[in-house]
Amino acid sequence: SGICEKNPYVSTCQSFFPFFLQVKSQFESQANMNCVVFRAIAYKTQVVAGTMYFIKVQVSNAEYVHLKVFQSLPHENQGPSLVGFQTGKTRDDPLTYF
């Protein structure tokens, strides 16, 4: 499937994926970071056997990361899984498949 881009200017981006804060601890552990700020700025989705989310996240005043999060189908009853991330991003970096 292709990637579906959502409005990058939606201020309540977090509400689109209620699991967002569950992913924070996974990211902090894998990236060895402690994020005071963890704000979703934009996201794209790709439908697979579940949904793959590509999320642009602000982690400090000027630092952003891109997260790749898999959410399985509802009947599988599993939480979100952080499957990849890219650090060193800016607010203007395009959110792409990785």
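The numbering scheme is per chain: residues are counted from 1 as the chain's sequence reads. For a predicted model such as this one, the threshold for reporting local features is a pLDDT of at least 70, and the threshold for listing and counting side-chain atom pairs is 80 or more; totals across whole chains, interfaces and linings nevertheless cover every residue. Each side-chain value is worked out from all heavy atoms of the structure, with water and hydrogens disregarded.

**Description of the pattern of salt bridges**
Rule in force here: When a carboxyl oxygen of Asp or Glu lies within 4 Å of a side-chain nitrogen of Lys or Arg, that pair is called a salt bridge. By definition, any uninterrupted DSSP run of H or I lasting at least four residues is a helix, any uninterrupted run of E lasting at least two residues is a strand, and each is numbered from the N terminus. Only protein chains enter the accessibility calculation, which uses a 1.4 Å probe; a residue whose area is less than 20% of its type maximum is buried, one above 50% is exposed, and one in between is partly exposed.
Summed over all chains, the structure comprises one salt bridge. A salt bridge links K24 to E28; its shortest N-O distance comes to 4.0 Å. A residue pair is termed a helical-turn pair when its members lie 3 or 4 positions apart in one helix, as K24 and E28 do in helix α1 (residues 20-31) at four residues. Accessibility assignment for this pair places K24 and E28 in one class, buried.

**Examining the nonpolar core**
The criterion, for reference: Here the nonpolar core consists of buried residues drawn from Ala, Val, Leu, Ile, Met, Phe, Trp, Tyr and Cys, with membership extended through side-chain atoms lying within 4.5 Å. Any pair of residues with heavy atoms lying within 4.5 Å of one another is described as a contacting pair.
Of all hydrophobic cores here, the largest spans 16 residues; its most connected members are F27, F38, I55, V57, V59, L67 and V69. Where this core is concerned, the elements lending two or more residues are α1, β2 (39-48), β3 (50-58) and β4 (64-72). Not counting residues within four places of it along the chain, the set of residues in contact with V57 comprises F20, F38, R39, A40, E63, Y64, V65 and L67.

**Some thoughts on α1**
The test is simple: For a helix, the expected span equals 1.5 Å multiplied by the number of residues minus one. Working definition: the arc comes from the directions between the helix axis and the C-beta atoms, pointing outward to the latter.
Here α1 is 12 residues long and its end C-alpha atoms lie 16 Å apart, about the 16 Å a rise of 1.5 Å per residue gives. Among the residues of α1, F20, V23, K24, F27 and E28 are the ones counted as buried. The arc that holds every buried residue of α1, seen down its axis, measures 140 degrees, which confines them to one face. Considering only its buried residues, α1 is in contact with β2, β3, β4 and β5 (81-89). In the segment just after α1, N32 is the residue with positive phi, at about 55 degrees.

**Points about the side chain of H66**
By secondary structure assignment, the location of H66 is in strand β4. Since its relative accessible area comes to 0%, H66 is described here as buried. Filtering out sequence-adjacent residues up to four positions away, H66 remains in contact with I55, K56, G84, F85, Q86, K89, D93, P94, L95 and F98.

**Topic: the packing of aromatic side chains**
Here is the rule we go by: The aromatic pairing rule takes the rings of Phe, Tyr and Trp, using the six-membered ring of Trp, and pairs them if the centres are within 6.5 Å, calling planes under 30 degrees apart stacked, those over 60 edge-to-face and the rest tilted.
Under the counting rule described, the total for this entry stands at five aromatic pairs. Seen in terms of ring centroids, F54 and Y97 are 5.4 Å apart; in terms of plane orientation they differ by 55 degrees. Their pairing is tilted. With a gap of 43 residues between them, F54 in strand β3 and Y97 in the segment after β5 connect regions that are remote in the sequence. On the basis of an interplanar angle of 70 degrees and a centroid distance of 5.8 Å, the ring pair of F54 and F98 is categorised as edge-to-face. Here the residue F54 occupies a position in strand β3, and F98 occupies one in the segment after β5, the gap between them amounting to 44 residues. Using a relative accessible area of 1% as the deciding quantity, one classes F54 as buried. A connected cluster of aromatic rings, assembled from ring pairs, spans F27, F38 and F85.

**Here we look at the confidence of the model for the chain**
Threshold: A residue's pLDDT is simply how confident the predictor is in it, with values from 0 to 100.
Per-residue confidence for the chain gives a mean pLDDT of 82; residues scoring 70 or more make up 82%. When the elements of the chain are averaged for pLDDT, strand β1 (residues 3-5) gives the smallest value, 47, and β5 the largest, 96. Here residues 7-14 scores under 50 on pLDDT; set against residues more than four positions off or in separate chains, the count is 12 contacts.

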